[in-house]
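Examination of the molecular architecture
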Amino acid sequence: MAQSKKIKDRLQFRLHPRVFAALGADLITNDVVAIIELVKNSYDAYATRVDVRFCKDEEKGSYIEIEDNGCGMDYATIENVWCMVATPYRVQNPVSQKGKHTRRTSGEKGLGRLSAARLGNRLEMITKASMGPCWDVIVNWSNLSSHENVESCFVDIHQVDNDIPFAKTGTLLRIFDLKTEWDEDKISELRDNLSRLISPFASTDDFKIFLKTHILQGGLEELEISAPEFLSKPKYAIRGHVDKDGTVRCKYEFSPIPPGKKEPRTSSLTLTWDQIVKTNEDLGRYKNLEPECGSFDFEIRAWDIASGDTEEIAKFFDETKSHIRQAIKTHKGISVYRDGILVLPKSEDSRDWLGLDLRRISKVGTRLSTSQIVGYVSITAENNPYIKDKSDREGLMASNATVAFQGILKAIVYLLENERDKDRIKLTDEESLTDLFEDLTAEDMLAEMVAIAEEGAPTADAIPLLQDFNKKLNTVRNAIKKRFVYYSRLATVGTIAQMLVHEVRNRTTIFGNVVRYIAKNTDENSDPNLLAKIERAENAIASLEQLADTFAPLASRSFRRRKRDSILEDRVGSCLTFVKKEIEDMDITVGVPKTSTRVAIDPGELDAII
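Residue positions within a chain follow its written sequence, with the count starting from 1. The model is predicted, so local features are restricted to residues of pLDDT at least 70 and side-chain atom pairs to those at 80 or more, both for listing and for counting; the totals for chains, interfaces and linings are taken over all residues. Side-chain calculation: all heavy atoms of the structure are included, whereas hydrogens and water are not.

**What about the packing of helix α7 (residues 184–197) against helix α11 (residues 321–331)?**
- Where α7 contacts α11, the axes come no closer than 9 Å and their chain directions differ by 55°. Judged by the inter-axis angle, α7 sits oblique to α11. Of the two possible hands of crossing, α7 and α11 adopt the one that is right-handed. For the pair α7 and α11, the contacting residues are Asp192, Asn193, Ser195 and Arg196 in the first and Gln326, Thr330 and His331 in the second.
- Side-chain classes are defined by residue name, with Ala, Val, Leu, Ile, Met, Phe, Trp, Tyr, Cys and Pro counting as nonpolar, Asp, Glu, Lys and Arg as charged, and the others, Gly among them, as polar. Residues that form the contact of α7 with α11 fall into these classes: no nonpolar, five polar and two charged. Only the stretch in contact is used when fitting a helix axis, every axis being a line fitted to C-alpha atoms; angles between N-to-C directions are given from 0 to 180 degrees. In DSSP terms, a helix is any run of H or I states spanning at least four residues, a strand is any run of E spanning at least two, and both are numbered starting from the N terminus. Relative orientations are named as follows: roughly parallel for angles under 35 degrees, roughly antiparallel for angles over 145 degrees, roughly perpendicular for angles from 65 to 115 degrees, and oblique for any other angle. Helix crossings are classified by the rotation of the near helix relative to the far one: an anticlockwise turn of less than a right angle makes the crossing left-handed, while a clockwise turn makes it right-handed. A contact between two residues is defined here by any heavy atoms of the two lying within 4.5 Å.

Take a look at the structure:
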C-alpha cells in the first residue's frame, strides 16, 4: 500500500487593503478622537503651533485642514515611515528634535495617520523638512480598500515648487469627502476636548492649538484653545508625588469660594504602600503585589457642584453657571498625561476609568463622583514603562503595574474625600432653613438606584443608599429640633414652618417610595440584618413625618395667633416623644401630669417654645 506523502510548506501572512478603512474606523473611537490623534502627531513632530480649520469651498465642498510648524518629512521618511502602517519608528525614536531642542513623543503604535481615513475618503498631505523640497502626497482611502492585495496599493507623490505654505518646515493635512457632518455641537465638543489635550496644570508655552471654523458663532475668527481660569483655583485640591516604592507624599489645600467665607486650610499627608494595600480590597486579592507602576506626580482638584455652589463660583469668576458646569464636565475625571500629552481618557465613555462613580453608591455625598473632580497624573515613558495604553486609546493594558497604579490613585482620592469632609460647611444656628435641606436631595439616590437596576444588581445593593439617606434624615431632624427655638423668635415663623413642612414631606415621599420598592422586592427569608435596616429606614421616615405634622398648624394659611387653644400637658407629652431615645439612654424617668391645662396659644407655636 502506497504511503501518503507529507506536505510541508510555508504560507505567507497577508493583509487585505480593507485594513486601512477597518483600522481607522475601529481603533479610533470617534471623529473628535481622530482629530486629537492627528494633532498629537503634530506634537510628536515638535510643532509649537497647530491650526485646525473647518473649511468650505464651492468646488471642494466641506473639508478639514490641520497645519503645523513641526519638523515635516522628507521623501525617505514618507516612503519608509509614513507609508508603513504600525511602524516601530516612534518606538525606536522616542524623542523628536528641532535644532537644539528635544521633546518626548506621545505615540508609538504607528496608527495615528489612519485617523484621517476615519474622517474622510481623500487626504492631501503637504510636508516639508529642513534642507529639503516640499512634497505633496495624495491618498484615496476608498480606492486603496478596493484593491485585492496590499502590494497593489500606492499613494501619489510629487514635488511642490510654488505656493509652499510653510516659512521653514511643517505639515498640512487636507481631508476631503468627509464621512460625517460637523455641526456646532460637534465642533464645540472638539474645542472642549482639545483643551484637555495638554495638561491644564502644566506650562504649555511651547505648544499651542488654534481652531478656526465657519460653523461656530463668530465666523472664521481664530480661537486659541485653553482651559478656563477657574479650573486653576479649585475649592479642594490634593497634589504631590508617588515614589517608586508606592509611598504617597502630598499636600491638601482648602480654598473657600468666595475667599473669607471660611478659613483656608492646608495639611501634609503621607501614605505607605502597605497602608494602601490593607485599605483596598481590590489590591488585597493580589498576592505579593508590588508597586511596579513607577513614580509619578499628581494633582486632583474638586468642587462642590450643587446649584448654590456653582452660583458662587460663577459670581466669583464672572462666568455663567452653565459655563462652569460645562467646563467641569469637559475636564471631569482623572486624566493621565505621558510626557505632557494626554493618554487617557479620550472619549466621554471612558472618563470613569477608575470606577469612582460606582464606589460612590456606598456613600453618596461624602465620596466624590467623576463629575466633581478634575485630575492630572503625570507619567513618563522612562519612569513608567509598564503603564501602556490600549490601541483604541480608551484604557490601560491589563498588568500588575496598571492594578497598582489604579489602586494608588483611588487611595489618593480617599485622602482628598476625607480632608474635604473636614472643610465642608457645617450647619449652624444662623444658617437659613433652606441650607438644612441642601444635601437632603433624593436626586442622587434615585440616579444611583436607576444605575443599580440597569446593571441588574440585587436590591440588597441599594441598602448603603438607604443607610446614607437615613443618616441625613436624622441629621436634619436633630438640626430642626435644635434650631427651631431660634426661628420661633422671627416674625415669619408661619412662612418658615410652611417651607419646613413642604421640604420634609417632599423628601420623605420620594424616600418612602424607594424603601417600599426595596421592601416589596425583598424576600421574607432574606438576611435578618437586611430586614432590620429596612425597618430602621421606615422608622426614620415615620419620625420625620411626625415632625412635619407637629409644625403643620404653623404652616396653615388660616393660622392666626391665639385663634386656637392648646392643652399644655398634651403638647409637653408630644414633644417628649422626639427625645424618647435620649431619655431612655440616660435612664431618666419622665412623667406628665394627667391634668388638662388650656392655654391661649396655637399648638404648633407652643411646641416651638417647648
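There's plenty left to go through after this.
**Remarks on the packing of aromatic side chains**
- For Phe, Tyr and Trp, where Trp contributes only its six-membered ring, two rings pair if their centres lie within 6.5 Å, and the inter-plane angle classes them as stacked under 30 degrees, edge-to-face over 60, or tilted in between. According to the stated counting rule, one finds eleven aromatic pairs in the structure shown.
- Taking 5.0 Å as the distance between ring centres and 85° as the angle between the ring planes, the aromatic pair formed by Phe316 and Phe317 counts as edge-to-face.
- Here Phe317 falls in the buried class, since its relative accessible area comes to 11%.
- By the ring-pair criterion, three or more aromatic residues cluster together here, those being Phe230, Trp303, Phe316 and Phe317.
- Placement of a charge over a ring requires the Lys NZ or Arg CZ to be within 6 Å of the ring centre, with the centre-to-atom vector within 35 degrees of the ring normal. Residue placement shows Lys186 over the ring face of Trp182; its charged tip is 4.8 Å from the ring centre. The buried label goes to any residue with under 20% of its type's maximum accessible area, the exposed label to any with over 50%, and the partly exposed label to all in between, with areas taken from a 1.4 Å probe on protein chains only.

**Notes on the pairing of strand β5 (residues 120–128)**
- The buried fraction of β5 is high, at eight of nine residues.
- Here the rule is simple: two strands pair whenever DSSP picks up at least two bridges between them. Here β5 runs beside strand β8 (residues 170–178); their pairing, made up of eight bridges, is antiparallel. For Lys128, the partnering residue across the bridge sits in β8 and is Gly170.
- Note that β5 and strand β6 (residues 134–140) share seven bridges and pair antiparallel. For Glu124, the partnering residue across the bridge sits in β6 and is Ile138.
- In this antiparallel pair of consecutive strands, β5 and β6, the connection spans five residues, and Met131 shows a positive phi of 60°.

**What to know about the environment of Arg118**
- By the element assignment, Arg118 lies in helix α5 (residues 115–119).
- Remark: the alpha-carbon pair of Arg118 and Asp31, spanning 87 residues in sequence, is separated by 7.1 Å.
- Within polar-contact distance, the side chain of Arg118 engages the side chain of Asp31 at 3.1 Å. Under this definition, polar contacts are N or O atom pairs within 3.5 Å; protein pairs additionally need one hydrogen-donor-capable and one acceptor-capable atom, and for neighbouring residues in sequence, both atoms have to be side-chain atoms.

**Focus on the side chain of Ser195**
- Following the sequence through the fold, Ser195 ends up in helix α7.
- Residue class for Ser195 comes out buried when judged on its relative accessible area of 10%.

**Quick look at α11**
- Every buried residue belonging to α11 is among Ile324, Ala327, Ile328, Thr330 and His331, and all of these are buried. Around the axis of α11, the buried residues are gathered within 160° of arc, so they sit on the same side.
- Positive backbone phi, approximately 90°, marks Gly333, located one or two places after α11. Comment: arc refers to directions from the helix axis out to C-beta atoms.

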